[in-house]
There are 2 protein chains.
Amino acid sequence: MTTQTNRPLPTLTDVRKARERLDGIAIRTPLIRNQRLDELTGGQIFLKCENLQRTGSFKFRGGYNAVAANLDVARAKGVIASSSGNHAQGVAEACQIFGVDVTIIMPADAPQSKKDRTMRSGAKLVEFDRYRDDRDAILDDLATKSGALKIHPFEHPDVIAGQGTVGLETGEQMSELGVVPDHVIACTGGGGLLAGIYLALHENYPGAAFHTAEPFGHDDQAKSHALGKRIANEQAPPSVQDAIITPLPGEASFALLKGQVGAGLVATDQDALNAVKFAFEELKLVVEPGGACALACIMNGALNVTKKTVVVTLSGGNVDSKMMAHALGV
Amino acid sequence: MTTQTNRPLPTLTDVRKARERLDGIAIRTPLIRNQRLDELTGGQIFLKCENLQRTGSFKFRGGYNAVAANLDVARAKGVIASSSGNHAQGVAEACQIFGVDVTIIMPADAPQSKKDRTMRSGAKLVEFDRYRDDRDAILDDLATKSGALKIHPFEHPDVIAGQGTVGLETGEQMSELGVVPDHVIACTGGGGLLAGIYLALHENYPGAAFHTAEPFGHDDQAKSHALGKRIANEQAPPSVQDAIITPLPGEASFALLKGQVGAGLVATDQDALNAVKFAFEELKLVVEPGGACALACIMNGALNVTKKTVVVTLSGGNVDSKMMAHALGV
């Protein structure tokens, strides 16, 4: 199976291969429960804690798998990726592990902490002006000149397969606990995480509904899956859930998920900040607003989970101190 | 084996019984690793995340086990405990589970959030003036009148046995990973947690050194174990590590640990706040200053862990937003 542009789509076999590559490298993140959350929602909620993953988000999985699966090119020509956040850190750390050169294209006004974290993994930064420059043109130009391995954050099949290992682990952990999910919810930007999880889990759990969770005003996934074709957001209002803001669903993830997903869920920024605060106070976990979107969607009633068994991804924890203070109302 | 006052001391069998009682009730908290922490310390560090336990600290284990093991008295006469913090929440939640009346003696100036959290579990609060009133006298008076089950935070043998389940789980988790600890470090006030962990682990890991971790100026455990007899701190300077401030080692835990512990470790308040900040930024975990003391003691060099395999307890996460903002420098 391929996309319209003839890009191959990943399969469950690819996710299993990714799992082998990541074994002993990625953290097998815990799947935790919390009494208060169950009381609050009326469901049996299992939180997959990818905020505890290396580099603070699930993005390490996909980045590492893409480098590992294309190591000859990566070693010979280096790696290049564009990201202002979690994908940059994931790819940079993967390249550091393999001793591979990596260039990250990042907006000049990205937070210094994200630049620092990316550079401490040895990445070379190329900055651009996000209002004047064309990021994709810079990336393509550099990639063409160098021949470097280009790792797209959600279109690359090895990235989707890597993110799918979140699903494989969750399936094993649910099995060990003897529970079966009714709903699986992932924080969704381009859709790589949910597509990977769907590949990993849908055969074993044919009764489970898979849901995208998106920021209010950025619900291109919800709209696209409802319509059956990819449509972009009309506007792009600013959002604290920056980690999962994309204009349009990824082509690959949309092809994998089309006709397969349940209702698309939406959380406002205030819902996400409430979830960040709840995670801090009750779960004792540091979660970034975009990484708390799926949690927000069961706390705000977007999905009724009464008496349901639900897997919720906490997809990242890279929140700076000021944003956390804002969420906590300090 | 008993203490000088003829109180029975708990045994490994008691810890195993506690484990059975807590099965399916307490969270089997994750034992996690972090790449940055290993790089920073030069060791192979395993963090036992009791901040993710019900009520936000390991204290739930001991409180629940004490109620469960003495359920007839608890049901007939109620439960009483004195605590301004984590023990109160642990005991209150345990009593709520069993539908047992519970009274908590708490200083009138305890933070409102701790009062609220204790009351939301249905506990009755009795407030006292910590500068004028004698807390123990109030407790004894109420207990004598009511005949209630008195649950001391670290002298009660069922409490120590309950805390020991942290050790049993850690042993299983280490086993699953095929690793053997060189050092085990617990945040220590009265000593119930370390004593319980020691009971659980020392037979299987005869080569492991067990260490207390205490706030600077409150290192009564370190001094007492070095001398071979219990001695009190000469002063009691204020400390942000309030969860583990006690004037004197517990009689029971001292009897269990005497002659068995390695060097007593100490962290200043600034060390603890640095560890809280590190946990937030790198581990993505919310840890209170007292619950970060053991982590602080490997980050400040109190124990050289180069090339060692080390278990570190993160014993609690009940930190308020302002203290966290202070630790983060916001």
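Residues numbered from 1 in each chain as written. Chains lettered and ligands numbered in written order. Predicted model: local features only at pLDDT ≥ 70, side-chain atom pairs only at ≥ 80, totals over all residues. Heavy atoms only, no water.

## Side note on the overall build of chain A
Stated precisely, the cut-off is as follows: Every helix listed is a DSSP run of H or I at least four residues long, and every strand listed is a run of E at least two residues long, numbered separately from the N terminus. Here the globule rule reads 2.2 Å times residues to the power 0.38, and the radius of gyration is calculated from C-alpha atoms. Each residue's exposure class comes from its accessible area (1.4 Å probe, protein chains only) as a fraction of the maximum for that residue type: buried when under 20%, exposed when over 50%, partly exposed otherwise. Residues count as neighbours in contact if any of their non-hydrogen atoms are within 4.5 Å of one another. Surface accessibility in these figures is a Shrake-Rupley result with a 1.4 Å probe; residues are shielded only by whichever protein chains are displayed. Residues scored as positive are Lys and Arg, those scored as negative are Asp and Glu, and His as well as the terminal groups of each chain are ignored. A charged residue contributes its charge at one atom only: NZ of Lys, CZ of Arg, CG of Asp or CD of Glu.
For chain A, the count of helices and strands is 14 helices and 10 strands. Against the compact-globule benchmark of 20 Å for 330 residues, chain A has a radius of gyration of 18 Å, which places it among compact chains. Oriented by its inertia axes, the alpha-carbon framework of chain A measures out at about 55 × 45 × 40 Å. Expressed as a percentage of its 330 residues, the buried residues of chain A come to 61%. Of the contacts formed within chain A by residues at least 6 apart in sequence, a portion of 73% connects residues at least 24 apart. Carbon and sulfur atoms form 48% of the exposed surface of chain A, whose accessible area is close to 12900 Å². Positive and negative side-chain charges of chain A, numbering 33 and 37 respectively, have mean locations separated by a distance of 2 Å.

## A look at helix α6 (residues 112–120) of chain A
Short version of the rule: The arc in question is the one traced by the directions running from the helix axis out to the C-beta atoms.
Buried within α6(A) are the following residues: Lys114(A), Lys115(A), Arg117(A) and Thr118(A). For α6(A), the angular spread of the buried residues around the axis is 165°, confining them to a single face. Contacts from the buried residues of α6(A) go to α5 (86–98), β4 (102–107) and β5 (124–128) of chain A together with α12 (269–283) of chain B. One or two positions beyond α6(A), positive phi appears at Gly122(A), with a value near 90°.

## Overview of the state of the cysteines
Residues and elements named next belong to chain B. Our working definition: Here, two cysteine sulfur atoms that lie within 2.5 Å of each other are counted as a disulfide.
Using the criterion set out here, one finds zero disulfides over all chains in the structure. In this structure Cys 293 is a free cysteine whose sulfur lies 4.4 Å from that of Cys 297, the closest cysteine sulfur available. You can call Cys 293 buried: its relative accessible area is 0%.

## What to know about the interface of chain B and chain A
Applied cut-off: Values labelled buried area give the accessible surface lost by two parts on being combined, using a 1.4 Å probe and summing over both. We count a salt bridge whenever a side-chain nitrogen from Lys or Arg sits within 4 Å of a carboxyl oxygen from Asp or Glu. For this analysis, a polar contact is any N or O atom pair within 3.5 Å, provided that within protein one partner can donate a hydrogen and the other can accept it, and provided that sequence-adjacent residues contribute only side-chain to side-chain pairs. Gly falls in the polar group here, along with every residue not listed as nonpolar (Ala, Val, Leu, Ile, Met, Phe, Trp, Tyr, Cys, Pro) or charged (Asp, Glu, Lys, Arg).
Between chain B and chain A, the contact holds 29 residues from the first and 29 residues from the second. The largest share of the area that chain B buries against chain A comes from Arg36(B), Phe280(B) and Lys284(B), three residues that together contribute 26% of it. Our count for the chain B to chain A interface comes out at six salt bridges. Between Arg36(A) and Glu93(B) there is a salt bridge, and its shortest N-O distance comes to 2.7 Å. At the boundary of chain B with chain A, the tally comes to 14 residue pairs in polar contact (both at pLDDT 80 or more). Among the secondary structure elements, those contributing two or more residues to the side of chain B that touches chain A are α2 (35–41), α12 and α14 (321–328) of chain B. For the side of chain B that touches chain A, the leading source of residues is α14(B), giving five residues. Its residues placed into classes, the side of chain B that touches chain A shows 12 nonpolar, seven polar and 10 charged.

## Considering the nonpolar core
The cut-off we apply is this: Residues enter a nonpolar core if they are buried and are Ala, Val, Leu, Ile, Met, Phe, Trp, Tyr or Cys, with the set joined through side-chain atoms within 4.5 Å.
Core analysis: the biggest nonpolar cluster contains 78 residues, and Leu285(A) and Leu285(B) have the highest contact counts within it. Once residues lying within four places of it in the same chain are set aside, the contact partners of Leu285(B) are Leu52(A), Lys284(A), Leu285(A), Val286(A), Ile32(B), Cys49(B), Asn51(B), Leu52(B), Ala279(B), Phe280(B) and Leu314(B).

## Topic: the relation of the copies chain B and chain A
Operational definition: Only residues with pLDDT of at least 70 in both copies count here: their C-alpha atoms drive the least-squares fit that superposes the copies.
Note on the identical chains: chain B maps onto chain A by a rotation of 180° and an axial translation of 0.0 Å, with an RMSD of 0.0 Å. Each copy turns onto its partner about a two-fold axis. For chain B, the smallest separation between a C-alpha atom and the rotation axis is recorded for Leu285(B), amounting to 2.4 Å. When you check the interface residues of chain B against chain A, 100% turn up at the interface there too, and the contact is symmetric in its surfaces.

## Side note on the environment of Ala243(B)
Residues and elements named next belong to chain B. Along the chain, the position of Ala 243 falls in the loop between α10 (220–227) and α11 (251–257). For Ala 243, a relative accessible area of 35% gives the class partly exposed. Leaving out residues up to four positions away in the same chain, Ala 243 has contacts with Asn 86 and Glu 288.

## Considerations on the sheet that holds strand β7 (residues 183–187) of chain A
Residue and element names in this part refer to chain A. Rules: A pair of strands is labelled paired if DSSP reports no fewer than 2 bridges between them.
In spatial order, the strands read β1-β2-β10-β7-β8-β9; together these six strands make up an open sheet with mixed pairing. Strands with a single pairing partner mark the edges of an open sheet, and in this sheet they are β1 (31–32) and β9 (265–267). Where β1 lies against strand β2 (residues 44–49), two bridges are found, and the strand directions are antiparallel. Its bridge partner being in β2, Ile 32 is matched across the sheet by Leu 47.

## Looking at the sheet that holds β4(A)
Residues and elements named next belong to chain A. Quick note on the threshold: Throughout, an axis means a line fitted to C-alpha atoms (over the contacting stretch in the case of helices), and angles, computed between N-to-C directions, take values from 0 to 180 degrees.
Overall, parallel pairing links the four strands, which are arranged β5-β4-β3-β6 in an open sheet. Each edge of the open sheet is held by one strand with a lone partner, namely β5 and β6 (149–150). As defined by bridge partners, strand β3 (residues 79–82) adjoins β6 across two bridges and the pair is classed as parallel. Looking at β6, one finds that Val 79 is bridged to Leu 149. Taken strand by strand, helix α7 (residues 135–146) contacts β3, β4, β5 and β6, and its axis lies near 175° from that of β3.

## Details of the packing of helix α8 (residues 157–177) of chain A against helix α9 (residues 192–201) of chain A
Residues and elements named next belong to chain A. Put simply, the rule is: Under this scheme an angle from 65 to 115 degrees is roughly perpendicular, one under 35 degrees roughly parallel, and one over 145 degrees roughly antiparallel; angles in between are oblique. Left-handed describes a crossing whose near helix is turned anticlockwise from the far helix by less than a right angle; the clockwise case is right-handed.
Across the interface, α8 lies against α9 with an axial gap of 7 Å and an inter-helix angle of 50°. Relative to α9, the element α8 is oriented oblique. For α8 against α9, the interelement crossing comes out right-handed. From α8, Ile 160, Gln 163, Gly 164, Val 166, Gly 167, Leu 168 and Gly 171 reach across to α9, where they touch Gly 192, Leu 193, Ala 195, Gly 196, Ile 197, Ala 200 and Leu 201. When its residues are assigned to classes, the contact of α8 with α9 shows eight nonpolar, six polar and no charged.

## Concerning α5(A)
This is how it is decided: Any helix carries an expected span of 1.5 Å times its number of residues minus one.
With 13 residues, α5(A) should cover 18 Å at 1.5 Å per step; its first-to-last C-alpha distance of 19 Å lies within 8% of that length. When you tally the buried positions in α5(A), you get 11 out of 13 residues, the bulk of the element. For α5(A), the set of buried residues is Asn86(A), His87(A), Ala88(A), Gln89(A), Gly90(A), Val91(A), Ala92(A), Glu93(A), Ala94(A), Cys95(A) and Phe98(A). Next to the buried residues of α5(A) lie α3 (59–69), α4 (71–77), β3, β4 and α6 of chain A together with α2 of chain B.

## Comments concerning the domain arrangement of chain A
Residues and elements named next belong to chain A. The condition is simple: Throughout the structure description, domain borders are defined by an automatic or database domain assignment.
Domain annotation of chain A identifies domain 1 (12–57 + 157–328) and domain 2 (60–151). Opposite the 25 residues of domain 1 that make contact, domain 2 presents 17 residues. Roughly 1700 Å² of surface becomes buried between domain 1 and domain 2 when both sides are summed, with 50% attributable to carbon and sulfur atoms. When the buried surface of domain 1 facing domain 2 is broken down by residue, Arg 21, Thr 55 and Asp 158 rank first, second and third, together holding 32% of it. Scanning the region where domain 1 abuts domain 2 turns up four salt bridges.

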